[in-house]
Amino acid sequence: MDANVLLEINGISKSFGAITAVDDLTLRIAPGEFFALLGPSGCGKTTLLRMIAGFETPDRGQIRLAGSDMTGIKPNRRPINLMFQSYALFPHMTVAGNIGYGLEMEGVRGPGLKRRVGEALELVQLGALADRKPHRLSGGQRQRVALARALIKRPKLLLLDEPLGALDRKLREQMQIELKRIQRDTGITFIVVTHDQEEALTMADRIALLGQGRIVQLGRPRELYEAPVNRFAADFIGMMNFLPGKVTADGVALPGLGVFQASNRSDLPQGVEVVMAIRPERLRLYAEARAAALPGAVEGTAYLGQDLIVHLRLDATGQMLIARLTAGHDLTRDITTGQRLWCDWPGAQARLLAD
Ligand SMILES: Nc1ncnc2c1ncn2[C@@H]1O[C@H](COP(=O)(O)OP(=O)(O)O)[C@@H](O)[C@H]1O
Ligand SMILES: [Mg+2]
């Protein structure tokens, strides 16, 4: 057994009738990792999680945890806990009662139980609410109870399915940081399912981006953002501009716009059709013409406080580019619809995608 692998998923597949939910998926997760499964609705995230937990049986392939084959092992016999999308707390029990229930069922009683419940309450910062009933808690507090209930049994692996989905934005952002702290403090390996790319980027050490039951890209948040492997990955994570073109001897020819450079041009053979992908925050806008900058007209702006989004329609081709200017940029004060601007971008910030 490899000490650097806690969870080993080898070629698992799962179909429901004609639908292939998980398709020959292989993945290794290290102990202590905060791992995110990211992807659009219906791509197989929940099915994968349920197979890891043992609530669903793979049609093919194998799951190993800490070296042991999990095939045929019942969910409650796996050192794994799954926190469900709906928290399902017992309404007639207090917060402390809900949190301690699982341990009590295992025969833990008295001071031992009290201490473990106290520690779990502390971990999720609910000490003051130990005696409350669930109906007197906010959504965020209920979420913490569910988390404490999952953590108290000290699983090797905690699976969380869209854990923050029911919370409003502000609370969600707060809980993202909190979840990360709790994961670090406990050292428990977390696998979090989310369809929210920002959430995955914020929390995870590594992300698997899923599409149609397969891993499209696996890597650290920065790798997924900076070096998406294809158009799906580039589009799903963050905002992106796409300009179609062709690789030539001296750059990338974008029809009607000219020849440009890109960070990974040397990886691709001449003549191949590509799209050039440029993040909105990498575009530079100027109020006056300058060499090699492309002229366009402002079609609209969106003021986000911190940032200004500018939609620029290029004169030469009619293509629309989205630029994101951060407060402090010369132009953020006085861009108006219809205004003429010029744009360019550093070649090193453009990336070519072949599919
Ligand atoms: N029990 C089931 N019966 C039939 N189809 C299912 C079942 N569970 C999931 N599916 C289908 O499998 C695909 C993947 O679903 P799911 O794993 O829930 O995706 P996600 O969690 O990424 O939204 C979807 O097309 C879904 O409709
Ligand atoms: Mg799901």
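Note that this is a predicted model, so its numbers are computed, not measured.

*Asks:* An account of the overall build of the protein is requested, with residue identities and associated values reported.
*Replies:* Looking only at helices and strands, the protein features 8 helices and 20 strands. Considering only C-alpha atoms, the protein reaches an extent of 75 × 45 × 35 Å along its principal axes. By residue count, 34% of the 355 residues in the protein fall in the buried class. Sequence-distant contacts in the protein: of pairs separated by 6 or more residues, those separated by 24 or more amount to 65%.

*Asks:* Before we move on, could you go through the site of ligand 1 and cite the residues and values that matter?
*Replies:* Neighbouring residues of ligand 1: Phe16, Ile19, Ala21, Gly39, Ser41, Gly42, Cys43, Gly44, Lys45, Thr46 and Thr47. Residue assignment for the shell around ligand 1 shows that the elements contributing at least two residues are β2 (19-29) and α1 (45-53). At 3 residues, the largest contribution of residues to the shell around ligand 1 is made by α1. For the shell around ligand 1, a count of residues per class yields 4 nonpolar, 6 polar and 1 charged.

*Asks:* So what's going on with the domain arrangement of the protein? Which residues, and what values?
*Replies:* In terms of domain boundaries, the protein breaks down into domain 1 (7-231) and domain 2 (239-353). Computed over C-alpha atoms, the centres of domain 1 and domain 2 are 39 Å apart. Contacts between the two partners involve 4 residues from domain 1, matched on the other side by 5 residues from domain 2. When grouped by side-chain class, the residues that make up the side of domain 1 that touches domain 2 number 2 nonpolar, 1 polar and 1 charged.

*Asks:* Which residues make up the sheet that holds strand β4 (residues 60-65), and what values go with them?
*Replies:* On the basis of which strands lie adjacent, the open sheet formed by 4 strands has the order β2-β1-β4-β5 and antiparallel pairing. Strands at the two margins of the open sheet, each flanked by one partner only, are β2 and β5 (68-69).

*Asks:* Any details on the sheet that holds strand β6 (residues 80-83)? Residues and values, ideally.
*Replies:* Across the sheet, which stays open at both edges, the 6 strands sit in the order β6-β7-β8-β3-β9-β10 with mixed pairing between neighbours. The two strands at the open ends of the sheet, each matched to only one other strand, are β6 and β10 (214-219). Averaged over neighbouring strand pairs, the angle between their axes works out to 20 degrees when direction is ignored. Note: β6 against strand β7 (residues 157-161), 4 bridges, orientation parallel.

*Asks:* Tell me about the environment of glutamate 8, and name the residues and values.
*Replies:* Within the secondary structure layout, glutamate 8 lies in strand β1 (residues 7-16). Given 20 C-beta atoms within a 10 Å radius, glutamate 8 is considered buried. Each C-alpha atom of the pair glutamate 8 and phenylalanine 260 lies 43 Å from the other, and the pair is 252 residues apart in sequence.

*Asks:* Residue-level account of the pairing of strand β18 (residues 320-326), with values.
*Replies:* The side chains of a regular strand alternate between both faces of the sheet. Only one face of β18 is covered, namely the one carrying Leu321, Ala323 and Leu325; the face carrying Met320, Ile322, Arg324 and Thr326 has none of its residues buried. In terms of strand pairing, strand β17 (residues 307-314) meets β18 through 7 bridges, oriented antiparallel. Bridge assignment links aspartate 307 to a residue of β18, and that residue is threonine 326.

*Asks:* Give a description of the environment of aspartate 161 that names residues and reports values.
*Replies:* Inspection of the secondary structure assignment puts aspartate 161 in strand β7. In this structure the C-alpha to C-alpha distance between aspartate 161 and glycine 187, which are 26 residues apart in sequence, comes to 19 Å.

*Asks:* Could you give me a rundown of the environment of histidine 195, with the residues and numbers involved?
*Replies:* Along the chain, histidine 195 turns up in the loop between β8 (189-194) and α6 (197-203). In sequence terms histidine 195 and glutamate 56 are 139 residues apart; their C-alpha atoms lie 21 Å from each other. Sequence-distant contacts of histidine 195, that is, excluding residues within four places in its chain, are made with Gly39, Pro40 and Ser41.

*Asks:* Run through helix α4 (residues 139-151), naming residues and quoting values.
*Replies:* Between the first and last C-alpha of α4 there are 18 Å, a value that for 13 residues agrees with the 18 Å anticipated at 1.5 Å per step. Burial in α4 covers these residues: Arg142, Gln143, Arg144, Val145, Ala146, Leu147, Ala148, Arg149, Ala150 and Leu151. Taken together, the buried residues of α4 touch β6, α2 (95-105), α3 (110-123), β7 and α5 (169-186).

*Asks:* Could you give an account of α1, naming the residues involved and the relevant values?
*Replies:* Counting buried residues in α1 gives 7 out of 9 residues, a clear majority hidden from the surface. Within α1, the full set of buried residues consists of Lys45, Thr47, Leu48, Leu49, Met51, Ile52 and Ala53. Within two residues after α1, glycine 54 carries a phi angle of roughly 100 degrees, on the positive side.

*Asks:* Explain unusual backbone geometry to me, using residue names and the numbers behind them.
*Replies:* The phi torsion of most residues other than glycine is negative, and most of the peptide bonds are trans. Positive phi, close to 50 degrees, is recorded for aspartate 24, a residue that is not glycine. When you line up the elements, aspartate 24 lands in strand β2. Not every positive phi belongs to a glycine, and glutamine 125 is a case in point at roughly 55 degrees. With respect to the helices, strands and loops of the structure, glutamine 125 is situated in the loop between α3 and α4. The partly exposed category is assigned to glutamine 125, around which 13 C-beta atoms lie within 10 Å.

*Asks:* Could you give an account of the packing of α2 against α3, with specific residues and numbers?
*Replies:* Angle between the axes and distance between the axes are the two parameters that describe a pair of packed helices. Packing of α2 against α3 brings their axes to within 10 Å, and their N-to-C directions diverge by 130 degrees. When the axis of α2 is compared with that of α3, the two are oblique. Considering only the axes of α2 and α3, their crossing is right-handed. On α3, the residues touching Ala96, Ile99, Gly100, Leu103 and Glu104 of α2 are Leu113, Arg116, Val117, Ala120 and Leu121. Considered class by class, the residues forming the contact of α2 with α3 number 7 nonpolar, 1 polar and 2 charged.

What counts and what doesn't
Residues numbered from 1 in each chain as written. Chains lettered and ligands numbered in written order. Predicted model: local features only at pLDDT ≥ 70, side-chain atom pairs only at ≥ 80, totals over all residues. Helix = DSSP H or I, 4+ residues; strand = E, 2+ residues; numbered from the N terminus. Buried ≥ 20, exposed ≤ 12 C-beta atoms within 10 Å, placed from the backbone. Contact = placed C-beta atoms within 7 Å. Near = placed C-beta within 6 Å. Nonpolar A, V, L, I, M, F, W, Y, C, P; charged D, E, K, R; others polar. Domains from an automatic or database assignment. Pairing = 2+ DSSP bridges. Axes fitted to C-alpha atoms, helices over the stretch in contact; angles between N-to-C directions. Expected span 1.5 Å × (residues − 1). Parallel < 35°, antiparallel > 145°, perpendicular 65-115°, else oblique. Left-handed = near helix turned anticlockwise from the far one by under 90°.

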